[in-house]
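In case you want the letters, here they are:
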Amino acid sequence: MKRGFLIAVVLSCVFCWAAGSAEAGLLAGAAHVKITPEGPIPLAGYGERWGGLAMKKSTGVHDDLYARALVLQSGETKLAFVTCDLCVINSGLRQAALRELAKAETGIPADNVMVTGTHTHSGAGGYILSMIAPPVAGFYNPTILKTLSSGIAAAIVQANSKLAPATFGAVSKEIEGYNRNRRGSKTLDKAMTVLRFDGADGKPVAIVVNFAAHATIIDGTDMQVSRGWPGGMVDAVREHFGDQTEVIFCNGAQGDASPCADGGPKCNYERSVLFGKKIAKPAIELAERVKATEEPALKVAFTRFDLPPGVLGRLTPSKSHAHRIEIGKTWLMGMPGEAIMRIGLDIKEEARKLGAATPVVVGLADDHLMYFVTREEFPKGGYEVMMNMYGPAIEDTLVRAVLGDRLGKAGPDEAKLLAGSEVIRGKGAIRVRLAGDPYRMGYQHGKLLRDAIRRMYTRLMDDIVGKMEPELKKLLGDNAAIMGIVKIVPGGAKTLIEPFLCMVARKLNAHTPRELREEIAGVADGCGLAYDQVFWMNSLLTMVVQEDYAKVFGDFSLCTNVVQLPKEAGGRVIHARNLDWMYRNEFAPMTTVFEFRPDRGNAFLSVTFPGVVGVLTAINDKQLSLGNETVNQHSDRSMDGMPIMTICRMAIQYDSTLDDMVRRIKDTPGTAGMHVMMGDGKHRRALAVDRSAKYAAVREPKDGVLFGVVLEWPGKPYVGGDFAGPGICATDDGSKPRYTWLTQKIKDGSVPLATAEDWCKVMVRPDEGLCADSTIHTTVMVPETGEL
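Residues numbered from 1 in each chain as written. Predicted model: local features only at pLDDT ≥ 70, side-chain atom pairs only at ≥ 80, totals over all residues. Heavy atoms only, no water.

**Observations concerning the nonpolar core**
So, step 1. Among the nonpolar cores identified, the biggest contains 105 residues, and I347, W536, F609, L626 and M678 are the most heavily contacted of them.
So, step 2. In terms of nonpolar packing, the next biggest core, distinct from the first, is built from 41 residues, C84, L86, L98 and A124 among them. (Core = buried A, V, L, I, M, F, W, Y, C linked by side-chain atoms within 4.5 Å. Buried < 20%, exposed > 50% of the residue type's maximum accessible area, 1.4 Å probe, protein only.)

Set out below in structure tokens:
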């Protein structure tokens, strides 16, 4: 018994020794290396420094730039965390630094190296090899890249050589009056987080400070190299703790965060240093308060992930990478770009749910994919939205990138997303059934019609680019250098014009209901296009009738539209329309009947094209029909309203009476000259809303018939007769003959028009251009029975 007990004790000691050696405690080392390139150099951060075809060069060095490295080791895990006094870290710089680091034997895996920038707007430029970088960072210079990458690697090597036993502590506190939301939002991340690593003597080896604010006190007219206010803060904290302490600042989710640095000296450099000293005070207080007593385990999660299709296409990456460094329950989560504060707060909250006690969002880490905004902010526009390249759902991608292994989510269940959807093919137009919430219906739409949507998008964009390319060449004139750049860009002029058009359309997001934006996002995900590309398809009708684009397309009258009320008691309302536009040969075979069965609102049928969620022609289960027609000559127009197809979609899905539909279409600000025809089978009524961007008028049938245009000249706000506008266009020369012919046939009864079948026959007649080379399809609706 005693012998057995002795063996058990010995074995227990062996196991304890083995466990202790696996948890060897925490080691830390820190160092900094100057990385200021020899000048003059381009400075990164402000487009106003771009002059013609060159970036202005620096005029001197106000204060030097540094790479500051912290190397940590616990057991088998070893990592490096580096911050640089640079505006951004792009993937190319990180990879170059890793190649330099590989020359030294540090034992740090490449995937365990996280590199971030302080976001100074007065640091070096010229290190980014990209077609879109020069206007804000200067042209690529391999010598500058070599200086920066070598300095980053040297800082890691020196920090690694100083590894020694250390203890750790972290604290976070909201501080008031140091940052503001520059978008005017009330959302504000006021948290300052301080990480402290103490050596055996109890003195700090390294202090890491995290706070969200742009380093933009120094502006675009200032041309000296500088670390900005983060440099002033680092110097002040280091002065307090002594030279043995490395002070490392890492920015947070600073996309919409500005420093509160108004007033003070006129010199921006002086104001920057002053703000740095000011914000150093809470950093010092927190660092003094931290109890660095922990020896936590380390974990590094490095994720390579696919990005959603971007609006800039081939000019931006399709893949990226992100880090999460866990120091016990303190998690450093890297954002490969500039996330707005709401995203940072959301990711911190998600991390807390997963076990983080002190979550830290590190902005500008490892890569720079420009800005990231939320779904809520995307339709509001502004600089941050314009610089958001990957659509309104990018936050979902970022959350999966930094927390995916913890979340354990494999992505959406496609079988569930597609449940209830179907494509029915037969004689004539295909029919597509969609059911569920907005995103699900969109995803079903995109997935089932993927190839058709992509073909349609390509055909439209290629045609418009072809029309605009001569204008681009004319605009650039004889500038051989710029034209040379255009020629070497992959895809040529299309690569530049396509994102420009999509960016212009973005403005209309502000007037598009969230549920339709979600549906468009679903279409984009389903068919593999960028959100902006699908949104542009849905905005095209609005864009081409705007003054600037009308020059490319010409004013046009879209369609013929007529509602006939029954003369006899047993008769039915009949709503007939022809859809006319260019691209007949391409679009006629693509005509699609969508059967929508949404979770909310009315079930309805819509006749349109793959990728389009708005309504041109539709009939719902409340016995209501709707068709719209563009009559835009001399109408006032605007991009500050809701696209007519969007208004019509909301009306057909959510309104149960004719009067409600009329009220919605009349009272919602529009974008151009449109006439919307509506039939009511239940009450045997019909009404039209004629509107321009600013004006609206309601019309009733005349002699039991309602036409899509007004043939006579009514008074204001209609343009014509004595009123030149701007206002609502009654008709145009292209529309008159067909409507005049129809009017005559209805009056003299020479053509049978008593049934839907009669109208089907008459609408395809070529008389007076009724059915012309531009007619894509004919639709006849019977609202009472739901027939289409």
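**Considerations on the sheet that holds strand β18 (residues 319-327)**
So, step 1. Taken together, the four strands give an open sheet; going across it, the order is β17-β18-β19-β21, and neighbouring strands pair in mixed fashion. Of all strands in the sheet, those with a lone pairing partner are β17 (298-306) and β21 (358-362), marking the two edges. For this sheet the average axis-to-axis angle between neighbouring strands, irrespective of direction, equals 15°.
So, step 2. As judged from the four bridges shared by β18 and strand β19 (residues 330-334), these two strands associate in the antiparallel manner. Among the inter-strand pairings, I325 is bridged to a residue of β19, identified as L332.
So, step 3. Here helix α7 (residues 341-353) sits on the sheet in contact with β19 and β21, set at roughly 145° to β21. (Pairing = 2+ DSSP bridges. Helix = DSSP H or I, 4+ residues; strand = E, 2+ residues; numbered from the N terminus. Axes fitted to C-alpha atoms, helices over the stretch in contact; angles between N-to-C directions. Contact = heavy atoms within 4.5 Å.)

**Here's the deal with the packing of aromatic side chains**
To describe a pair of aromatic rings, one takes the distance between the centres and the angle between the planes.
So, step 1. Throughout the structure, instances matching the rule amount to 16 aromatic pairs.
So, step 2. Ring centres of F378 and Y531 lie 5.5 Å apart, and the angle between their planes is 90°; on these two criteria the pair is classed as edge-to-face. A residue pair is termed long-range when its members are at least 10 positions apart, and F378 in the loop between β22 (371-372) and α8 (383-386) and Y531 in helix α16 (residues 531-544) qualify at 153 residues. Note on accessibility: F378 and Y531 belong to one class, buried.
So, step 3. Ring geometry for F596 against F604: centres 4.6 Å apart, planes inclined by 10°, an arrangement best described as stacked. For the pair formed by F596 and F604, the shared burial category is buried.
So, step 4. Aromatic rings pair up to connect Y178, W229, F249 and F275 into one cluster. (Phe/Tyr/Trp six-rings, centres within 6.5 Å; stacked < 30°, edge-to-face > 60°.)

**Regarding helix α15 (residues 514-527)**
Structurally, the α-helix is built with 3.6 residues per turn, so residues lying three or four positions apart point the same way.
So, step 1. The first and last C-alpha atoms of α15 sit 20 Å apart over 14 residues, in line with the 20 Å expected at 1.5 Å per residue.
So, step 2. Among the 14 residues that make up α15, twelve are buried, leaving the element largely enclosed by the rest of the structure.
So, step 3. Residues of α15 that are buried: E515, L516, R517, E518, E519, I520, A521, G522, V523, A524, G526 and C527.
So, step 4. With its phi angle positive at about 80°, G528 sits one or two positions after the end of α15. (Expected span 1.5 Å × (residues − 1).)

**Let's talk about the sheet that holds strand β13 (residues 204-211)**
So, step 1. The strand order across the open sheet built from eight strands is β8-β7-β6-β1-β10-β12-β13-β15, with neighbouring strands paired in mixed fashion. Sheet topology places β8 (113-117) and β15 (246-251) at the edges, where each strand pairs with a single neighbour. Strand after strand, the sheet turns through a mean of 25° between neighbouring axes, direction not considered.
So, step 2. Examined bridge by bridge, strand β6 (residues 66-74) and strand β7 (residues 77-84) share eight bridges and lie antiparallel to one another. In the strand pairing of β7, A69 is matched with V82.
So, step 3. In the packing of helix α5 (residues 229-241) onto the sheet, contacts are made with β1 (26-34), β6, β12 (191-198), β13 and β15, and the angle to β15 comes to roughly 150°.

**Description of the packing of α5 against helix α6 (residues 268-289)**
So, step 1. At a closest axis distance of 7 Å, the pairing of α5 and α6 adopts a crossing angle of 45°. If you check the angle between α5 and α6, you find them oblique. Viewed along their axes, α5 and α6 form a crossing whose handedness is right-handed. Residues W229, G232, M233, A236, V237, H240 and F241 of α5 touch α6, and the partners they reach there are S272, F275, G276, K277, I279, A280, A283, I284, A287 and E288.
So, step 2. Partitioning the contact of α5 with α6 into residue classes produces eleven nonpolar, four polar and two charged. (Parallel < 35°, antiparallel > 145°, perpendicular 65-115°, else oblique. Left-handed = near helix turned anticlockwise from the far one by under 90°. Nonpolar A, V, L, I, M, F, W, Y, C, P; charged D, E, K, R; others polar.)

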